[in-house]
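# Observations on the model geometry
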Amino acid sequence: MNRSWTPYALIAPGLLFLLLAFVLPLGLSVGTSIQGVEGGLLAHYQQLLADPFFLAIIWRTIKFATIVTLICLVLGYPVAYLISRLPPNVATALIALTVFPQLVNSVVRSYSWMVVLGREGIVNNLLVFLGLVDQPQQYLYTPVAVILGLTQLFLPTMILSLFSTLTQLNNDWEQAARGLGASPFTAFRRIVFPLSIPGLIVGGTLVFSACMTAFTTPQMLGGTRQRTLATMVYYYANVSMNWPLATAIALLMFLLTLIMVAVPTRLLRQRG
Amino acid sequence: MRKYGWLIVLTTLVYIFLLGPIALVVASSFTEGSTIDFPPVGFSLKWYEQALTYPAFRSSFATSLEVALLGTLIALAVGVPAALAIQRYDFKAKATLQSFFLSPVLVPEIVVGLALLQQVMVAMRIQTLWALVLGHAIILIPYAVRVTGASLTLSNPQIEEAARGLGAGPLTTFFRITLPVIAPGIVSASVLSFITSFNNVPLSLFLTGPGTSTLPIQMFIYVEFTFDPTVAAISALILLMTVFFALITERVVGLKTVFVR
């Protein structure tokens, strides 16, 4: 019934746009990063991967992403579970409260932790007031500051993806298990949890890869003391103006994230 | 409700963690002092005056709106037809093309921003504003294709076939049948695109030029060098705007339909 060229005509403008504005520039900049100026092919990559300072930054980025993903899973799962079991009107209100921080840009959200953790911030003032410390402590630009900021940034993502899995689970199965004599914990462990693993994979993947490439929060709360791959890219691109090196770091960050997300996901899928 | 006791306590703590710091920003924006203190000193609106009269914030706010609007329009203009092709037709390489349209969301924005800076803005001497619009349109296309596509899968293609069978041409069918049916999807896609663009940092970071940059970037640059509460005031204003935006979205399509897949 439909003429065969219609779908191609519908797709063509978008395809052309993405090829010219997205794929081509990306390909060209991969080229500039591979083509070393003096050291020959791949010189930038060799230089980076032989540098202990840079390897430490890779390690720190992975460490932050792993810790934040685990915290988000541990905090997000019970919250998502509760929301999926609450009456619809309460659940909708809580979903709105979860979505709201996501509508606010990451500068505002990172800045809010500067207000909390700064020298004159609420934490320092409270600790001094209570006599727990003699003078304001340095909390900004520590790993804890970055981890708190990233957790607050991405916890809503985790809650929402777990919620969308948990809310689709058939409540009858849990009820049946309970009716057959399973304790609430056993029903959860044997029925609900295994069925929610796809949601855990989606949420974990989203949060982990977002943390691996996050820029604003590590830059504002970690500064130069807690450099991550993304803030290194910014440093080389905007401060030292070494675009090929910046591109090499950015692409390494991308590859590393892809590998680190693909391998566990595949393993988990095979087991499930 | 009692069986959820400890879950309710934990959930309350999580929401305090999520929303508390943002509330503190609002509270500290009314300070009389010249640093971000908590508890705030006295009460004044001087940081609001400062924020609203600061030229870089005013011009970048206009740029942000312009970029978000144009980026969203381009993303919809190419994304809606693509979603229609993917959901309603069978053709060669359909699955590949579908993943291709969703691929910009997989590439870190820093990578895209850096590539556009070098290969488009500098190499082709394109104006900053247009480089921003281009970059934002790229990262918004996946949202347009995914959200409109989802509303197409939910609608019944037989209504369209019926219209065609009754003699309507393809264009008439699209405008009289398909478009009204997927209108909520298009509204959702626009809302999501607009807010994503308006909040973007990592892409816009590299696409700034003399006198042209977006509001989040100007705020980011401001806090790198200054510690006064002007940014607290502008944050509070953005929050106010966001609350309005969220309420309107909730009324029109429901926040849940836009943000929970």
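Please refer to the structure higher up on the page.
Remember, it's a predicted structure, so these values are computed and weren't measured experimentally.

Residues and elements named next belong to chain B. Following the criterion strictly, the structure yields three salt bridges over all chains and no others. For the salt bridge of Arg88 with Glu160, the shortest nitrogen-to-oxygen distance reads 2.9 Å. Of the two residues, Arg88 is situated in helix α3 (residues 55–88) and Glu160 in helix α7 (residues 157–165); the sequence distance between them amounts to 72 residues. Residues Arg88 and Glu160 agree in their burial class; the two are buried.

Scanning all chains against the criterion turns up 20 aromatic pairs over all chains. Centroid distance Phe188(A) to Phe193(A): 6.2 Å. Interplanar angle 50°. Geometry classified as tilted. Its relative accessible area of 33% is what places Phe193(A) among the partly exposed residues. With a centroid separation of 5.3 Å and an interplanar angle of 80°, the aromatic rings of Tyr54(B) and Tyr222(B) are classed as edge-to-face. You can see Tyr54(B) sitting in the loop between α2 (46–53) and α3 and its partner Tyr222(B) sitting in helix α9 (residues 215–225), a full 168 residues away along the chain. Counting every residue linked through ring pairs, the aromatic cluster contains Tyr77(A), Tyr81(A), Phe188(A) and Phe193(A). Sitting over the ring of Tyr235(A), Arg227(A) keeps its end group 4.7 Å from the ring centre.

Turning our attention to the interface of chain B and chain A. The interface is formed by 82 residues belonging to chain B together with 84 residues belonging to chain A. In total, about 7600 Å² of surface goes out of reach between chain B and chain A, with carbon and sulfur atoms giving 81% of it. The greatest single-element share of the side of chain B that touches chain A, amounting to 14 residues, is contributed by helix α1 (residues 5–28) of chain B. Along the lines of polarity and charge, the residues of the side of chain B that touches chain A split into 65 nonpolar, eight polar and nine charged.

All right, on to a nonpolar patch on the surface then. Residues and elements named next belong to chain A. On the surface, a cluster of nonpolar side chains totalling about 460 Å² of accessible area is made up of Leu255, Leu258, Ile259, Val263 and Leu267. Its location among the elements puts Leu258 in helix α12 (residues 243–271). You can call Leu258 partly exposed: its relative accessible area is 43%.

About the cut-offs
Residues numbered from 1 in each chain as written. Chains lettered and ligands numbered in written order. Predicted model: local features only at pLDDT ≥ 70, side-chain atom pairs only at ≥ 80, totals over all residues. Heavy atoms only, no water. Salt bridge = Lys/Arg side-chain N within 4 Å of Asp/Glu carboxyl O. Helix = DSSP H or I, 4+ residues; strand = E, 2+ residues; numbered from the N terminus. Buried < 20%, exposed > 50% of the residue type's maximum accessible area, 1.4 Å probe, protein only. Phe/Tyr/Trp six-rings, centres within 6.5 Å; stacked < 30°, edge-to-face > 60°. Lys NZ or Arg CZ within 6 Å of the ring centre and 35° of its normal. Contact = heavy atoms within 4.5 Å. Buried area = accessible area lost by both parts, 1.4 Å probe. Nonpolar A, V, L, I, M, F, W, Y, C, P; charged D, E, K, R; others polar. Patch = residues over 30% accessible without salt bridge, like charges linked within 9 Å, V, L, I, M, F, W, Y side chains within 5 Å. Areas by Shrake-Rupley, 256 points an atom, 1.4 Å probe, with all protein chains shown as cover.

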